[in-house]
Every structure is written in structure tokens, then in C-alpha cells.
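Below, each chain spelled out in residue letters.
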Amino acid sequence: MTAPQAIRATNKKNCPPLQSTKRKSRAPNQTVKSAPGVNAAEPKEQIEKVFRALDRRNAGVVSAQAIIDTLKKNGILIDDPRIRHSILKLNSHTGPVTLAQIADIFDANFSLIECAVKDRYIVPQFSAFTGEINNIFDECMQVKDGAVADYIPQLARIDPEQFAVAITTTDGQRAAYGDFDTPYCVQSSCKPVNYAMALEQHGEEFVHGHVGREPSGRGFNELALNPKGLPHNPMINAGAIMSCSMIDPEMPLADRFDHVVQIWTKLSGGSPPGFNNSVFLSEKATADRNFALAYFMQEKRAFPKNTNMLEALDFYFQACSIEVTARQMSVVAATLANSGVCPMTNERIFSNDTVKNCLSLMYSCGMYDFSGEFAFTIGLPAKSGVSGALMVVIPQVMGFAIWSPRLDELGNSVRGVEFCRKLVERFSFHNYDNISNHATKKDPTKREAQQRSDQTYQLINAASLGDINEISRLVAHGAEVNAADYDGRTPLHLAAAEGRLEAVDYLLLRQAEPTAKDRWGATPIDDAKRHRHPDVEKRLRARRAGLCAAT
Ligand code: GLU
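Quick notes on the rules
- Residues numbered from 1 in each chain as written.
- Predicted model: local features only at pLDDT ≥ 70, side-chain atom pairs only at ≥ 80, totals over all residues.
- Heavy atoms only, no water.
- Helix = DSSP H or I, 4+ residues; strand = E, 2+ residues; numbered from the N terminus.
- Buried < 20%, exposed > 50% of the residue type's maximum accessible area, 1.4 Å probe, protein only.
- Areas by Shrake-Rupley, 256 points an atom, 1.4 Å probe, with all protein chains shown as cover.
- 1 Å grid on protein atoms, 1.4 Å probe; cavity = no way out; pocket = protein on both sides within 12 Å on 5 of 7 lines; lining within 4 Å.
- Points joined across faces, edges and corners; volume = space filled by probe spheres on them.
- Nonpolar A, V, L, I, M, F, W, Y, C, P; charged D, E, K, R; others polar.
- Disulfide = S-S within 2.5 Å.
- Pairing = 2+ DSSP bridges.
- Expected span 1.5 Å × (residues − 1).
- Arc of directions from axis to C-beta.
- Contact = heavy atoms within 4.5 Å.
- Core = buried A, V, L, I, M, F, W, Y, C linked by side-chain atoms within 4.5 Å.
- Near = heavy atom within 4 Å.
- Polar contact = N/O pair within 3.5 Å; in protein donor to acceptor, adjacent residues only side chain to side chain.
- Lys, Arg positive; Asp, Glu negative; His and termini not counted.
- Salt bridge = Lys/Arg side-chain N within 4 Å of Asp/Glu carboxyl O.
- Axes fitted to C-alpha atoms, helices over the stretch in contact; angles between N-to-C directions.
- Parallel < 35°, antiparallel > 145°, perpendicular 65-115°, else oblique.
- Left-handed = near helix turned anticlockwise from the far one by under 90°.

*Asks:* Any chance you could explain the overall build of the protein chain here in plain terms?
*Replies:* Each helix and strand in the protein chain was counted, giving 25 helices and eight strands. Principal-axis analysis of the C-alpha atoms gives the protein chain an extent of 90 × 60 × 45 Å. Here the protein chain holds 551 residues, and the buried ones make up 56% of them. By element, 50% of the accessible surface of the protein chain is carried by carbon and sulfur atoms, the whole surface being about 23100 Å².

*Asks:* How should empty space enclosed by the protein be read in this particular structure?
*Replies:* Over the atoms a probe the size of a water molecule is rolled, and this reveals where empty space is left. Inspection of every chain in the model, using the stated rule, returns two cavities of 30 Å³ or more. Approximately 40 Å³ is the volume attributed to the largest cavity. Looking at the largest cavity, the residues that line it are Ser216, Arg218, Gly219, Phe220, Asn221, Glu222, Ala224, His232, Ile236, Ala238 and Leu293. Classifying every residue of the lining of the largest cavity by side-chain character gives five nonpolar, four polar and two charged.

*Asks:* Is there a simple way to explain the layout of surface pockets in this structure?
*Replies:* Taken as a whole, the largest pocket encloses approximately 380 Å³ of empty space. Together, 17 residues line the largest pocket, and Ala53, Leu54, Arg56, Ala66 and Thr70 are the ones closest to its centre. With four residues, helix H4 (residues 64–73) is the single largest residue contributor to the lining of the largest pocket. Of the residues assigned to the lining of the largest pocket, the class counts are eight nonpolar, three polar and six charged.

*Asks:* Even after reading the chapter, I still don't get the state of the cysteines, so can you show me in this structure?
*Replies:* Put plainly, a disulfide is one covalent bond tying together the sulfur atoms of two cysteines. Under the definition given, this model contains zero disulfides. Free of any disulfide, Cys190 has its nearest neighbouring cysteine sulfur in Cys320, separated by 4.0 Å. There is no disulfide at Cys365, and the cysteine sulfur nearest it, in Cys358, is 11 Å away. Since its relative accessible area comes to 5%, Cys365 is described here as buried.

*Asks:* Before we go on, may I ask you to explain the sheet that holds strand S4 (residues 274–275) in this structure?
*Replies:* One key point about sheets: their strands pair by backbone hydrogen bonds, in either a parallel or an antiparallel sense. As summarised here, the arrangement of the three strands in space is S3-S5-S4, forming an open sheet in which the pairing is antiparallel. Bordering the open sheet on either side are strand S3 (184–185) and S4, each of which pairs with just one other strand. One ladder, built from two bridges, connects S4 with strand S5 (residues 322–324); its direction is antiparallel. Each residue of the ladder has a partner; that of Gly274, found in S5, is Glu323.

*Asks:* Would you explain helix H8 (residues 126–141) in this entry?
*Replies:* Residues spaced three or four apart along an α-helix face the same direction, because each turn holds 3.6 residues. The terminal C-alpha atoms of H8, which comprises 16 residues, lie 22 Å apart, in line with the 22 Å expected from a rise of 1.5 Å per residue. Buried residues of H8: Phe126, Phe129, Thr130, Glu132, Ile133, Ile136, Phe137 and Cys140, and no others. Mapping the buried residues of H8 onto a view down its axis gives an arc of 155°, with all of them on the same face. Where H8 is buried, its residues meet H4, strand S1 (164–169), strand S2 (174–178), strand S8 (398–403) and helix H19 (414–426).

*Asks:* Explain the nonpolar core to me, please; I cannot follow it from the model alone.
*Replies:* The nonpolar side chains of a soluble globular protein tend to be buried with one another. Ranked by internal contacts, the top residues of the largest apolar core, which has 67 residues, are Tyr184, Trp264, Met297, Met329, Leu336, Phe350 and Met362. What Trp264 contacts, discounting residues up to four positions off in sequence, is Val186, Ser189, Cys190, Val193, Pro273, Ile322, Val324, Met329 and Val332.

*Asks:* When you look at the pairing of strand S7 (residues 389–394) in this model, what are you seeing that I'm missing?
*Replies:* The side chains of a regular strand alternate between the sheet's two faces. Counting buried residues in S7 gives six out of six residues, a clear majority hidden from the surface. Every second residue of S7 is oriented toward a common face, with Ala389, Met391 and Val393 on one face and Leu390, Val392 and Ile394 on the other, all of them buried. Pairing between strand S6 (residues 382–384) and S7: three bridges, direction antiparallel. Residue pairing in the sheet places Ser384 in a bridge with Leu390 of S7. Hairpin connection, S6 to S7: the antiparallel pair is bridged by four residues, and Gly388 has positive phi, about 95°. The pairing of S7 with S8 spans six bridges and is classified as antiparallel. Within the sheet, the bridge partner assigned to Ile394 lies in S8 and is Met398. The hairpin turn running from S7 into S8, its antiparallel successor, is three residues long, and Gln396 in that turn takes a positive phi close to 70°.

*Asks:* What exactly am I supposed to notice about unusual backbone geometry here?
*Replies:* Backbone geometry follows two general trends: most residues other than glycine have a negative phi, and most peptide bonds adopt the trans configuration. Positive phi is not limited to glycine here, since Asn58 has a value of about 55°. Positionally, Asn58 belongs in the loop between helix H3 (44–54) and H4. Despite not being glycine, Arg301 has its phi angle at roughly 55°, a positive value. One can find Arg301 in the loop between helix H14 (288–299) and helix H15 (309–320).

*Asks:* Looking at this structure, I do not really get the site of the ligand. What am I missing?
*Replies:* Every residue close to the ligand is listed here: Tyr151, Gln187, Ser188, Phe220, Asn237, Glu283, Asn290, Tyr316, Cys320, Tyr368, Gly385 and Val386. Taking Gln187, its side chain carries an N or O atom lying 2.7 Å from a nitrogen atom of the ligand. Within the side chain of Asn237, an N or O atom sits 3.0 Å from an oxygen atom of the ligand. Relative to its free-state accessible area of 300 Å², the ligand is covered by the protein chains to the extent of 95%. When its residues are assigned to classes, the shell around the ligand shows six nonpolar, five polar and one charged.

*Asks:* What am I meant to see in the side chain of Lys383 here?
*Replies:* Mapped onto the elements of the fold, Lys383 is located in strand S6. Here Lys383 is buried and forms no salt bridge, its nearest opposite-charge partner Asp369 lying at an N-O distance of 10 Å. Looking at Lys383, its side chain comes within polar contact range of the main-chain oxygen of Gly366, at 3.1 Å. Discounting chain neighbours no more than four positions away, the residues touching Lys383 are Ser188, Ser189, Lys191, Pro192, Met235, Met362, Gly366, Met367, Tyr368, Ala389, Leu390 and Met391.

*Asks:* Is there a simple way to explain the packing of helix H21 (residues 468–476) against helix H23 (residues 501–509) in this structure?
*Replies:* Axis angle and axis distance: for two packed helices, these are the angle between their axes and the distance between the axes, and together they describe the pair. Two numbers describe how H21 lies on H23: the axes approach to 10 Å, and their chain directions differ by 20°. Relative to H23, the element H21 is oriented roughly parallel. In terms of crossing hand, the pair formed by H21 and H23 is right-handed. Where H21 approaches H23, its residues Ile468, Ile471, Ser472 and Val475 are matched on the opposing element by Glu502, Ala503, Tyr506 and Leu507. Tallied by class, residues from the contact of H21 with H23 come to six nonpolar, one polar and one charged.

*Asks:* Is there a simple way to explain the packing of H3 against helix H7 (residues 110–117) in this structure?
*Replies:* With their axes 10 Å apart at the nearest point, H3 and H7 run at an angle of 50° to one another. Compared by their axis directions, H3 and H7 come out oblique. The way H3 lies across H7 gives a crossing that is left-handed. Only Phe110, Ile113, Glu114 and Val117 of H7 make contact with H3, whose side of the interface consists of Gln46, Ile47, Val50, Ala53 and Leu54. Looking at the contact of H3 with H7, its residues break down into seven nonpolar, one polar and one charged.

Written out as C-alpha cells, the structure is:
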């Protein structure tokens, strides 16, 4: 099975309009006004083909419900901004839908149905995938360890049992579990957004003239700067205060905050975030450490010229007090996964370079003092916050938002980290799963049948090389020893043809068929003979004789 990187490079599906949202390289910062799926000139034959696929009874009509169900099964929900208009039309439509009507109802975004019918979304078997996510959610629900943050009463009062998980893919497929519509404070998970905004406005060189990009190896709010007197990175408090100081410094604070809210709205597909004023006031009232950090940076002349440091601090507290639901946050994560283009609106919010920098630092510094461990075991860019927020990005595939208020001693959501552990145990999402282990994990960007054929191919390949370790690993993970490729060639054919006696013995022990015929009618015995491997031939014949005697 191919691992995420390979998929990311090669396996983006070919659904034309959706593909155009992420494949065509667009000039950085270019804003795309139209929603994905805009495809005024969808060829008539395409529409007909899709309609025929929906019209299972060949009745010349399809029910509105069948259309909605097809979209829903693929994670395209009825509140999706891309189809809002079509759903309104569909709801006011009476009776079943004809070919001409479907073309009219989905005029601008027909590709969303087309991709659903043709299995061209990034996660083709979305219901199967979300079923497994649901299982992981249920398992994590049992975890009760940790304690809610109590440094301000507003967080200490949060119901610790709350738990939400939401997913959005880079094609805008969505699913959510638990308390996904309950707003929570973003806290430190605002740091990637602040940093990205600073990068967009000033560029990498200027921004990193004021903030480093090394993990600090210290607590997130430790009173420490790097040897140049700068914050270690933008994912810890000092660095985030620095990012805030660089966002629209020339504007009044109210306008700066409006701009941040506007970016959060765009990142989350058009739904504005909330703001928790009591958290803000409480944060500000108990922020001695953040004040100390800001004064320390001021003393070291770390801020850009003319920075109003106290205003930057205030702005930082405001940014931490922004509230989102897990559903919204998953779209933010998906926008980062989609290189800065929001999958729900097709609008570019951040440039590719900004997102690359942001994900790099989330990867190395996003999980407080657990960042190295998280990068090692989970292998994904993520950012947590003391509210129990956790945003995880699977580049070019999807974004996750997890929220559960109980934290471990390092400040990360206990269930959030556990969820990620289980996620990468089952799916090949770890950044380096293409190097090892990937055969044991599922790749949701592939159909099950494709995964099976990948496994067969790997086993055949291992058999031809006589790689016993690899063969036994694949078999242990369910590879079928008698599975054949398109030409009917089994692992035993290849092991026999290459004279791999040890592999032949291993496969025979596991009931591989010495008389399986390939498409030309040749058996492994024939292969061993043709390629002059008498020892292998003898073994195979003995096995066949044994089998005959036994029957
Ligand atoms: N508002 C918090 C602080 O600055 C953010 C803490 C966090 O989520 O890491 O202390």
C-alpha cells in the first residue's frame, strides 16, 4: 500500500472541478471568487452518465432523496456552502427529478455529484472510513485521565466530559462526532493562524527576524528567549505575542481584531467564530507571565520598530479567546491541509509558502513539550491549546479537530493525543509510513479493493526476491498467499521462477497452491522447470504428490 506522501503526489482524484481547486498551481494569495464545483460548461454527456448512474431503476427520473443520500454518503452535507443554492432548489422541487432538472438544479456545481457517483473524492469510501473514526471516538470516550486547566475559573468550570471530533477532507467531505457544535476557546491553537497572518503580511525574512524556528525545549510560557534574544518559535507564548505584534500594526486594535475574525471566518468556510469575553478578561487579569515575556522581549529589542507592546499583548489575549466549534476548526485544519485554499469555498486564504512554514513549525513545535514525541509517534503537524483543543493536519488529505478539556501534565488534551495514537495505528497517516509499516495500515484515500491488490503485489514482489521477513510480515497482516495478479501469477509462481527455495517452503507451509495456473496455463512447477531450479521443482512436485495422496 502506498503511504500518504506517495498518494499526495500521485493519487489526487481526477474529478475535474474539485481537482482544479487544489492541483492547478495558483499564484500565491490569488483569491478565487467562485465556489468549487463551478463548472458552467459541464459536457452534456457527463451529466447524462451521472444521471444514469443515479437512476438505478432506469426510470428516467431520480428522487431528490437519492441525490441527497448519494452526496451524504460521500460526506457532502446539505449545509455545504457549495450546494446551498442547489439544496434550496431541490427542497422546493416537487416530485422526482429528470435529467434536464438535475442539470439545472446543480448547474454550477454538478461536479460534486459527479465525484460522488464516480468515487472521485479524496476519501472514496467515506462511510467506511468514518465508521472507523466513530469506533476510535468511542474508545477514546472511555479515557478519563487528566484534569481541566484551572489557571482561570472560566476554563476550570468547563464540563470535563465533553468530547468532539470533526473531520473535513481537502475535497470538503465532512463528518463529526460528540459535542461538535459546542463552541470552545481556541487558546494556543490560534498560534498557527497568528503566525500565518504575520507571514502573509511581512514575508518569511521579516517575520523570522523577530521570532526563531527552533523548538525551545522549554515550557510553552517559560521566561526564556533564544541566544539572539528572540522567542524560540511562533508556537509558544512569546512567539505568538510576537506574531500578534506583526499583524496589521498600523491599524486600530479593533480593526486588527476584526481582521483576525475575518480570516478565521474564511478559514472555516464562511462561519464566523465566536469570542469569549470572560475568558479574555480573565486571561488578561492573570497574565503576569505573558506580561513578563513581553517586557523581556521589549528589553531585548525583539519587537519590530514602533510596536505597541501592550496592545500586542491585548491582541494576543483576544486571539486566544476566539471560540470555534470542532466542525469549524476541522475546516480550518483542512484549509491548511489543502495548501491554504478553503475546501468549502475554494478561496485561497494563505499562500503555499505560508502554509508550508506553518505546518513545518506545527510539526516540530505544536504540542508543547510533547512536540518531539508527537512528531516521532504520530508524525503529523498539530497544534494544541489549554482548552483541550487540538488541530491535526494530514497534508493534502484532511484536517481533524479534536476537543476534550482534560489535559495531561504537559497541557495537551489526553483524549486528543490518544485519538491521534489510535488514528495512526490504523491508518497510514504518519509522515513516514511510506518507509515502514504501511502495509499493516489502511489508506483511506484508496478503495479497499485497491489496497488488497497493493498487498498482493507486495507479496508477489517479496516472493520473487525471496524476502522471507517481508513475506511473513505481509502474511501476518492478512495478505492472501494464493492471491494472483492480473495475469494470474501467484507469489508461488514468482518464488518458483526465481528459485527462492526458502520462500517456496514458507508459502507451501501456508497452503500455497503448487498447481495454480496463470493466464497462460503455467503452474509454479512449470516455472521452476522452465527456469531450471530442480530443487524447487522437486519440492513442488512432492507437495503436489502429497496433496494428491491426501485426496
Ligand atoms: N492563553 C494562554 C496563555 O497565554 C494560552 C495557553 C495555551 O493554550 O497554551 O497562557
